[in-house]
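Descriptive analysis of the structure
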Amino acid sequence: MHELPVTENILAIALEEAARVHASKVTAINLVVGDMASIVDDSVQFYFDFLSKDTPAAGAALNFRRVPPQLRCGECDQHFDFRMEELEQGLACPHCGGSRLEMVSGTEFYVESIDVDE
Amino acid sequence: MRVQVVREILSANDQIAQANQRLLDENGILAVNLMASPGAGKTSLILATIAATRGRARLGVIEGDLASRIDADRVAREKVPVVQINTGGGCHLDAPQVSRALESLPLEQLDILLIENVGNLVCPANFRLGAHRAVVIASVPEGDDKPFKYPGIFAGADAVVLNKTDLLPYIAFDLARFRRGLQAVNPKAPLLSLSCASGQGLPAWVDWLLGQFKPR
């Protein structure tokens, strides 16, 4: 349910950045979203289409780059991706078999760039 | 034309969270964000903590709920400063709500502030409040699979409480499986098993909490 305030923030950031470079129109907003950030892409798009009407960002495409959660092995210091479904089988480091693991990514949530017309 | 931005979408919330933490620090207060699903025992743990820390630390409480003053009234009966936030349907507390609540608390008289978040294992994990520690409370009747199903909130916890252990004889709850799940998503967080009903395990929780306050 918090996709609405989140979408308001995305729109505000895009409009501020567009104004900063004196762009007339925002054509795309490129977002980075970790798989652990509990954000539903479709619902952000739905709110965005509604909120951006009558703004220079109307009709902009929202591009979501999903970042998988990544673990760091506390024994060999290597990083590796995993799928959430694998958690239950008990994870071990694919490089050294270590089990002291720490989550290092997957909660990202930021506007990486915007595409604009001058 | 592409414009590089790299701005956190929740940065407005995060900035207010930082201001909250500065205000808490100025008053020497340790704030703890308590997160759990509805009915896990957040308010019960707060009441048990108030009773167990009397004379050792001065507690204050912020209660977050969609509606009602039920929880704040329960806490107020213990003669502890409490503010109720009603989110009006919002699924989590956010930093501006906590900022307003802090204005109504006698900060100079507090050592530890317990913030009871809205009952929800998803959204509260994404909104910083300015608390110094995050604690997730799970409970035996919810099942042993919760760390696997809600990894985000467990991954961000500084400690995990497992409440209602008095029900272990009656419910098919595999403690080893729960531990395995927690180990997978957050190997660092201590697991504190306790029962607010029987009081078993509470001293370890109180020691952990007071231990977080001490070195500050």
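Throughout this description, residue numbers start from 1 for each chain and increase along the sequence as written. By the order in which they are written, chains take letters starting at A while ligands take numbers starting at 1. Under the rules for a predicted model, residues below a pLDDT of 70 receive no local features and side-chain atom pairs below 80 are neither given nor counted, while totals for whole chains, interfaces and linings still include all residues.

This brings us to the overall build of chain B. A run of DSSP states H or I qualifies as a helix once it reaches four residues; a run of E qualifies as a strand once it reaches two. Both are numbered from the N-terminal end. Secondary structure assignment for chain B yields 8 helices and 8 strands. The globule rule used here is 2.2 Å times the number of residues to the 0.38 power, and the radius of gyration it is set against is calculated over C-alpha atoms. The C-alpha atoms of chain B give a radius of gyration of 17 Å, which matches the 17 Å a tight globule of 216 residues would have. By principal-axis analysis of the C-alpha atoms, chain B measures approximately 60 × 50 × 35 Å. Counting across all 216 residues of chain B, residues that qualify as buried make up 48%. When contacts within chain B are restricted to residue pairs at least 6 apart in sequence, long-range pairs at least 24 apart make up 75% of them. Every C-beta atom is placed from the backbone, and the number of other C-beta atoms within 10 Å of a residue's own sets its class: buried at 20 or more, exposed at 12 or fewer, partly exposed in between. Any two residues are considered in contact once their C-beta atoms, placed from the backbone, lie within 7 Å.

A few words now on the sheet that holds strand E1 (residues 2-8) of chain B. Between any two strands, at least two bridges found by DSSP are needed for them to pair. Taken together, the 4 strands give an open sheet; going across it, the order is E2(A)-E1(A)-E6(A)-E1(B), and neighbouring strands pair in mixed fashion. Whereas interior strands pair on both sides, the edge strands pair on one side only; in this sheet they are strand E2 (61-67) of chain A together with E1 of chain B. Pairwise comparison of adjacent strand axes, ignoring direction, gives a mean angle of 20° for this sheet. To get an axis, fit a line to the C-alpha atoms, keeping to the stretch in contact for a helix; angles then go from 0 to 180 degrees between the N-to-C directions.

Let's shift gears to the pairing of strand E5 (residues 112-116) of chain B. A regular strand places its side chains on the two faces of the sheet in alternate fashion. All names here are of chain B. Counting buried positions along E5 gives 5 out of 5 residues, so the element sits mostly inside the fold. Here strand E2 (residues 30-36) runs beside E5; their pairing, made up of 5 bridges, is parallel. Opposite Val 32, over in E5, you have Leu 114 as the bridge partner. Inspection of the sheet shows strand E3 (residues 59-65) paired to E5 by 5 bridges, in the parallel sense. Pairing of Gly 60 across the sheet is with Leu 113, part of E5.

Moving on: the confidence of the model for chain B. You can read pLDDT as the predictor saying how much it trusts each residue, on a scale of 0 to 100. Taken as a whole, chain B shows an average pLDDT of 95; of its residues, 99% reach a score of 70 or greater. Listed scores for the predicted complex are pTM 0.87 and ipTM 0.81.

The interface is formed by 30 residues belonging to chain A together with 24 residues belonging to chain B. At the level of secondary structure, the elements contributing two or more residues to the side of chain A that touches chain B comprise helix H1 (3-20), strand E5 (101-105) and strand E6 (109-117) of chain A. Ranked by residues supplied to the side of chain A that touches chain B, first place goes to E6 of chain A with 8 residues. Three residue categories are used. Nonpolar comprises Ala, Val, Leu, Ile, Met, Phe, Trp, Tyr, Cys and Pro, charged comprises Asp, Glu, Lys and Arg, and polar comprises the others, including Gly. For the side of chain A that touches chain B, the per-class residue count stands at 17 nonpolar, 6 polar and 7 charged. Relative to E1 of chain B, E6 of chain A is paired through 5 bridges, and the arrangement is antiparallel. Bridging across to E1 of chain B, Tyr 110 of chain A finds its partner in Glu 8 of chain B.

The tendency in soluble globular proteins is for nonpolar side chains to be buried as a group. A set of buried Ala, Val, Leu, Ile, Met, Phe, Trp, Tyr and Cys residues, joined to one another through C-beta atoms within 7 Å, is what we call a nonpolar core. In terms of nonpolar packing, the biggest core is built from 92 residues, with Ile 115, Val 136, Val 160 and Val 161 of chain B touching the most fellow members. Tallying contributions element by element places E2 of chain B first for this core, with 6 residues. When residues of this core are sorted by domain, at least three fall in each of domain 1 (3-69 + 106-117) and domain 2 (70-102) of chain A. When sequence neighbours within four positions are dropped, the list of residues in contact with Val 160 of chain B reads Val 136, Ala 138, Phe 154, Leu 182, Ala 189 and Leu 191 of chain B. Segmentation of the chain into domains, including their bounds, is taken from an automatic or database domain assignment.

Moving on: the environment of Ala 52 of chain B. When you line up the elements, Ala 52 of chain B lands in helix H2 (residues 42-53). Taking the C-alpha atoms as reference points, Ala 52 of chain B and Leu 24 of chain B, separated by 28 residues in sequence, lie 23 Å from one another.

Looking now at the packing of helix H1 (residues 11-26) of chain B against helix H4 (residues 95-103) of chain B. All names here are of chain B. Interaxial distance between H1 and H4 falls to 8 Å at its minimum, and their mutual angle equals 30°. Between H1 and H4, the interaxial angle falls into the category roughly parallel. Of the two possible hands of crossing, H1 and H4 adopt the one that is left-handed. For the pair H1 and H4, contact is made by Asn 13, Ile 16, Ala 17, Ala 19, Asn 20 and Leu 23 and by Ala 95, Pro 96, Val 98, Ser 99 and Leu 102, respectively. For the contact of H1 with H4, the class distribution of residues is 8 nonpolar, 3 polar and no charged. Orientation is classified from the angle alone, with under 35 degrees giving roughly parallel, over 145 giving roughly antiparallel, 65 to 115 giving roughly perpendicular, and any other angle giving oblique. Take the far helix as your reference; a near helix turned counterclockwise from it by less than a right angle gives a left-handed crossing, and one turned clockwise gives a right-handed crossing.

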